[in-house]
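# Fold and geometry: a report
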Protein chains: 2
Amino acid sequence: MAMKRAATSAIRAFSSSSPSSPGSSGSSTRFLHASAESKKIVGVFYKANEYASLNPNFVGSLEGALGIRGWLESQGHQYIVTDDKEGLDSELEKHIPDLHVLITTPFHPAYVTEERIKRAKNLKLLLTAGIGSDHIDLKAAAAAGLTVAEVTGSNVVSVAEDELMRILILVRNFLPGYHQVINGEWNVAAIAYRAYDLEGKTVGTVGAGRIGKLLLQRLKPFNCNLLYHDRIKMEPELEKQTGAKFEEDLDSMLSKCDIVVINTPLTEKTRGMFDKERIAKMKKGVLIVNNARGAIMDTQAVVDACSSGQIGGYSGDVWNPQPAPKDHPWRYMPNHAMTPHISGTTIDGQLRYAAGVKDMLDRYFKGEEFPAQNYIVKEGKLASQYL
Amino acid sequence: MAMKRAATSAIRAFSSSSPSSPGSSGSSTRFLHASAESKKIVGVFYKANEYASLNPNFVGSLEGALGIRGWLESQGHQYIVTDDKEGLDSELEKHIPDLHVLITTPFHPAYVTEERIKRAKNLKLLLTAGIGSDHIDLKAAAAAGLTVAEVTGSNVVSVAEDELMRILILVRNFLPGYHQVINGEWNVAAIAYRAYDLEGKTVGTVGAGRIGKLLLQRLKPFNCNLLYHDRIKMEPELEKQTGAKFEEDLDSMLSKCDIVVINTPLTEKTRGMFDKERIAKMKKGVLIVNNARGAIMDTQAVVDACSSGQIGGYSGDVWNPQPAPKDHPWRYMPNHAMTPHISGTTIDGQLRYAAGVKDMLDRYFKGEEFPAQNYIVKEGKLASQYL
C-alpha cells in the first residue's frame, strides 16, 4: 500500500493507465489511483438472519459480507455493511456523504440515483457484486466521473442453468403436479393435457451475449430448433456448435417461437419492450423465461396475457421493483413459475463474485486496471451493452 | 385381414416366425398368430374429465383411448376402456374372463396379478402403453405363455428431460423461492444458503440404459463429473462423447455423488435397494432423482433421511403404490420435489406410445413380429432388463 497519493483528480473516476498501455502498471506516471489513506467502503447485501450460520460459504449475505472484512480492516479501511437501503432514514443514506466505495448487488438492489450520486462527494467507485448494474443511474455516474464495474462472468453459468431449469418447468408443466402432491391429490390428466417434451420445440433467445450463448450450448442436446436475435451474429464456430440460427428481425423470430428467453440488459431501448402489442404478435400459448430484468416486460401486459392464455407460462426471477411487493400481480397470475431474484446468487456464484469484488478492490488500492470486460462506466463512457 | 385362423395354439402367446427367420413374414408356415375373429381389447387409462377436451392430442387419457377406437371398431374388434381397475367390483375385473388383449399404462397402473392372469382364459397379449411393465406379474405372464410388450423408446426422451429438470430444481433450490412468491414473501437468503450451480458437481446414474444415456448426453454441457453404474460398460464411443466414467461398484460410486439418478427397472434385485443402510453410506446432503420406480426405495428410509438432512433433496414421479394415497409420507417430507407419475406421459410421449400400441396391434392382427426391443415377455422368457 505504499502508493502515491493523488493530489488532485480531474475526474473522480478510478483511473490509471489505459488498457492500451501495457507494462505501465506501477510506473510513476500512474498516480490517478486510490490514495493510500483509509477508505470508507459500504456494502449493501441481503440479510441472512437465521440462515447465515447454516453454510460457511454463504458469503453473499449481509453477515457473510463477501468474506472480505478481515482483509479490508487489516489494511486500515472502514467496512460498513447494511441491508437498509431505501429512503432518507436508511442506514445506507447515512453513509452517502462520505463513502468512497459502494458495493451493491442485483439481488437486493440499492438504487443509486442521480440525487444520491450528487450527495456522495467522496464516491469514486461503484462495484456490483454480481452482474447487472441498472439499479445505478449509469448516465449520472458517467457524468460524475465515477467508475462502475461488475464481476463480469461471475454468474453467467448460474443464470444460464437457471433459465434451462425454468424452460423445463414450464414446458413439462411441473408445478401443477407438485401442487397436487402437497395438496394430497393425484390427477395425472390435469397435468398431462398441457405437458410437453422440450425436444423438437422452437426456442429463441432475445440476446446472445455470454448467458445466451451458455444457454444455447446447454440446449443443444435437447434437439430443439434454436434461434437467436441480437445486434450482431455470433462467431461462426459457436453458431455451428450450437446449431442456433440468427434472426435479424425480433418480431419475426418471436412469431416462430414456442419458448422465448430474455437475455438482454435493461436499457432505455429494452424497457417495456414486451408490451401488449408485441406479446399479441407471439404464438398463442408461448412460454417466456425472463431472468434478465423485470422492467423489460410491461407488468400488466404479462398478467393479462397469462390470464387469457396468450402466454402459456411465464417464469423468471426478476421483478419491477425488487423486492417485489406483496401485491405484485405476477405473484398471483396463472401458470407462472416465479421466484425472488436468486439465479445468480447460488453459493457457487457468491464465491465467484466475492472473489471478483476482492480482486477489483485490491487492484483499486494498488492503482491497477480492472479486467477490461468488468467496466460498465469508465472515464465517462458506458459499456456497449448499456448503450 | 384375410389371415388364416389358428386352429390351436400350443402356447397362448402371440407368436409367429422367430426374429431369426427373416423373410418368412406372411408365409403359410406362420399360423400361430391372432385369429381373424373379433377380439375383445381392454385398455386401462387415467380419466381426463374436464381436461379431455382441452387438447386434441390428449390421446393417453381414457377419453382419448390412444386414438384407435375408430380403427379397431372398423375391423370388427370390441374396444373397452376404463380407469376402474382395483378390486373385484371394478370394471376391469368384469372383462378379465374374456378379454384377448389388455392395454395398460404405468401412469395409472392396472396391477396384473398371477390370480388375474389365471382367470383371464382368453388373454394372449399384454401391451404397455409407455415403458415399465412391473405392474404385471411377469413371471406369471411368462408361465402362462403370454406375450408382454412395451413401446420401447416411446418416452425415454421425456423421462431423461424430466430427470434433468428435477436435478436442476433440487440443486438450484427452486421450490422454496416459488413458495415465497405465492405466499407474498421475499427472502433471498432463505433460498440462497442452499442453492448451488450444477456445474462442477458429481452426478451418478444407477443404470445407463436408454434413459440413462440420454440423460448423460444432456448433462454433458453442464461440465459436471459424470459417473454411471451398470452391469456392463457402455459403448466406448458414447462414453467418450458424454465423458461419463464407469463405476463397477455401486456403493463406491454412490459415496462420490452429489446427485444420484435412478435409471434401473424394478426387479427382485432392485426392490428396496435404497434402504437405510445404503442411504447412510451416501454423501451427507445427497440429492436423489428417481423417475424409475418408487419401490426401488425403502419408503420410510427416504422420509427419515430427508428429515435428518442425510438426503438434501428428493424428486421423482414414481411412488409405491400408485396413485399415492393422501397420507403417503413422501407428500409431506422436507425438501422434496415430487409429482404424480407424469414424466413419460407428455403430449409428445402420448402420441408416440399411442402410435406404438397401434403398430403392435396391427402386427398382432397380421401375425407379424413386433420390433424385437419391445418384448418384455416372449415365449415364456423375460427380457434381460427384468431378470
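Predicted, not measured: the structure shown is a model, and the values here were computed from it.

Moving on: the domain arrangement of chain A. Residues and elements named next belong to chain A. Here the domain parsing of chain A yields domain 1 (9-154 + 345-382) and domain 2 (156-338). Put simply, the middle of domain 1 and the middle of domain 2, counted by C-alpha atoms, are 31 Å apart. On the domain 2 side, the residues contacting the 14 residues of domain 1 number eight residues. Taking both partners together, domain 1 and domain 2 bury about 840 Å²; carbon and sulfur atoms supply 42% of that area. When the buried area of domain 1 at its contact with domain 2 is split by residue, Tyr111, Asp134 and Gly153 rank highest and sum to 40% of it. With a shortest N-O distance of 2.6 Å, Arg293 and Asp134 are connected by a salt bridge. Considered class by class, the residues forming the side of domain 1 that touches domain 2 number four nonpolar, seven polar and three charged.

Turning to helix H12 (residues 299-308) of chain B, a few remarks are in order. All names here are of chain B. Among all positions in H12, only Ala301, Val302, Val303, Ala305 and Cys306 are buried. Each element contacted by the buried residues of H12 is listed here: helix H11 (276-280) and strand S11 (311-316). Looking at where H12 begins, the residue whose side-chain oxygen comes 3.1 Å from the main-chain nitrogen of Gln300 is Asp298. A positive phi of about 95° marks Gly309, the residue just after H12.

All names here are of chain A. Tallying each qualifying case throughout the model produces 48 salt bridges over all chains. Of the charged contacts in the structure, one is a salt bridge between Lys281 and Asp251, with a shortest N-O distance of 3.7 Å. Of the two residues, Lys281 is situated in the loop between helix H11 (276-280) and strand S10 (286-290) and Asp251 in helix H10 (residues 250-254); the sequence distance between them amounts to 30 residues. Judged by its relative accessible area of 22%, Asp251 is partly exposed. The salt bridge partner of Arg363 is Asp359, with a shortest N-O separation of 2.9 Å. With Arg363 and Asp359 both in helix H13 (residues 347-366), this residue pair falls four residues apart, about one helical turn. By relative accessible area, Arg363 is classed as partly exposed at 25%.

Next up on the list: empty space enclosed by the protein. All names here are of chain A. Scanning all chains against the criterion turns up one cavity of 30 Å³ or more. Volume-wise, the largest cavity comes out at about 30 Å³. Residue lining of the largest cavity: Ile96, Leu99, Leu102, Val112, Arg116, Ile117, Ala120 and Leu123, and that is the complete set. Its residues placed into classes, the lining of the largest cavity shows seven nonpolar, no polar and one charged.

What counts and what doesn't
- Counting from 1, residues in each chain are numbered in the order their sequence is written.
- Lettering for chains starts from A, numbering for ligands starts from 1, and both go in the order in which the items are written.
- pLDDT decides what is reported in this predicted model: residues at 70 or higher carry local features, side-chain atom pairs at 80 or more are listed and counted, and totals for whole chains, interfaces and linings draw on all residues regardless.
- To obtain the side-chain values, all non-hydrogen atoms of the structure were included, while hydrogens and water were left out.
- The domain boundaries here were taken from an automatic or database domain assignment.
- The contact rule is simple, with two residues in contact once any of their heavy atoms fall within 4.5 Å.
- When two parts are put together, the accessible area they lose, computed with a 1.4 Å probe and summed over both, is reported as buried area.
- Salt bridge criterion: a side-chain nitrogen from Lys or Arg within 4 Å of a carboxyl oxygen from Asp or Glu.
- When residues are grouped by polarity, Ala, Val, Leu, Ile, Met, Phe, Trp, Tyr, Cys and Pro land in nonpolar, Asp, Glu, Lys and Arg in charged, and all others, Gly among them, in polar.
- For every residue, the accessible area (1.4 Å probe, protein chains only) is compared with the maximum for its type, and the residue is labelled buried under 20%, exposed over 50%, or partly exposed between those bounds.
- Secondary structure elements are taken from DSSP: a helix is a run of H or I of four residues or more, a strand is a run of E of two residues or more, and numbering for both begins at the N terminus.
- Pairing of N or O atoms within 3.5 Å defines a polar contact, subject to two protein rules: one partner must be a possible hydrogen donor and the other a possible acceptor, and residues neighboring in sequence count only if both atoms are side-chain atoms.
- Cavity means a closed set of points on a 1 Å grid over the protein atoms alone, one where a 1.4 Å probe fits but cannot get out, pocket means an open set with protein on both sides within 12 Å along at least 5 of 7 lines, and lining means a residue has an atom within 4 Å of a point.
- Grid points are joined across faces, edges and corners, and a volume is the space filled by probe spheres set on the points.

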